[in-house]
Amino acid sequence: MAENTKPLKKNPSRKSCEKIIERILMTEILEKGRNQQFKNAADFMPFFESLYPASPSLSKQVQRAIHQMGLPKDRNGYFIINKTEAQLEEDQEISHMLSRGNASLSSLETETVFLKLTSDTIDYLFDLIHSSESFKGLYITMLKTSDGILFLTDSKARLNVLIESLIEG
């Protein structure tokens, strides 16, 4: 006596649920750039119910998996898969400080000038150049290095002429 009914699949383990949830969220991020659909366990249930019979125990297993994963949520309440809670807090602090500092991105068309020096003169010369009226507007920033000062500039020729004239005395 053969039956034509499919045997029902049993509920997945919590670990299996975690892997499925992770795949669902990663797919969401790859397709849309971020999660804009999943805020709680119930949002995952249509996917699980397409694979397993709907039951209260399936819902609890999905809830356990989400709880165990410890997924942080963004400010709109959506799960974030690719960051830990600590990374999310760090990102929020960075975002706060960027806002506080009126941050903006600038595309720089810069060149570099390297001024080779002996190590005992780097700090003092750096301070002198930093406060010098002659150097104002000739560099975007300057950095101390182990054997000199590195300038980022959009006025390379003018900066070179000034430095060379000062070297020659």
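Above this text sits the structure in question.
Residues numbered from 1 in each chain as written. Predicted model: local features only at pLDDT ≥ 70, side-chain atom pairs only at ≥ 80, totals over all residues. Heavy atoms only, no water.

A. Region of the structure containing the side chain of Glu18. Among the secondary structure elements, Glu18 is positioned in helix H1 (residues 14-32). A polar side-chain atom of Glu18 sits 2.3 Å from a polar atom in the side chain of Arg14. Apart from the residues lying within four places of it in its own chain, the contact partners of Glu18 are Ala65, Gln68 and Met69. (Helix = DSSP H or I, 4+ residues; strand = E, 2+ residues; numbered from the N terminus. Polar contact = N/O pair within 3.5 Å; in protein donor to acceptor, adjacent residues only side chain to side chain. Contact = heavy atoms within 4.5 Å.)

B. View of helix H5 (residues 122-131). What H5 keeps buried is the set Ile122, Phe126 and Ile129. Down the axis of H5, the smallest arc covering the buried residues is 70°, so these residues share one side. With respect to the buried face of H5, the exposed residues turned more than 90 degrees away are Tyr124 and Ser131. As for H5, its buried residues are in contact with strand S1 (111-116), strand S2 (141-145) and strand S3 (148-153). (Buried < 20%, exposed > 50% of the residue type's maximum accessible area, 1.4 Å probe, protein only. Arc of directions from axis to C-beta.)

C. Highlighting the pattern of salt bridges. Scanning all chains against the criterion turns up six salt bridges. Between Arg34 and Asp74 there is a salt bridge; the shortest N-O distance is 3.8 Å. Here the residue Arg34 occupies a position in the loop between H1 and helix H2 (45-49), and Asp74 occupies one in the loop between helix H3 (56-69) and helix H4 (85-100), the gap between them amounting to 40 residues. Of the residues examined, Arg34 reaches a relative accessible area of 41% and is grouped as partly exposed. The salt bridge involving Asp123 is made with Lys144; its shortest N-O contact spans 3.1 Å. With Asp123 in helix H5 and Lys144 in strand S2, this pair connects stretches of sequence that are 21 residues apart. Classification of Asp123 by relative accessible area gives partly exposed; the value is 46%. (Salt bridge = Lys/Arg side-chain N within 4 Å of Asp/Glu carboxyl O.)

D. Spatial organisation of the pairing of S3. Of the pairings in the sheet, the one linking S1 to S3 comprises six bridges and is antiparallel in character. Bridge assignment links Thr112 to a residue of S3, and that residue is Leu152. Relative to S3, S2 is paired through five bridges, and the arrangement is antiparallel. Bridge pairing in S3 links Lys144 to Ile149. Where S2 hands over to S3, the hairpin turn is made up of two residues, counted between the paired strands. (Pairing = 2+ DSSP bridges.)

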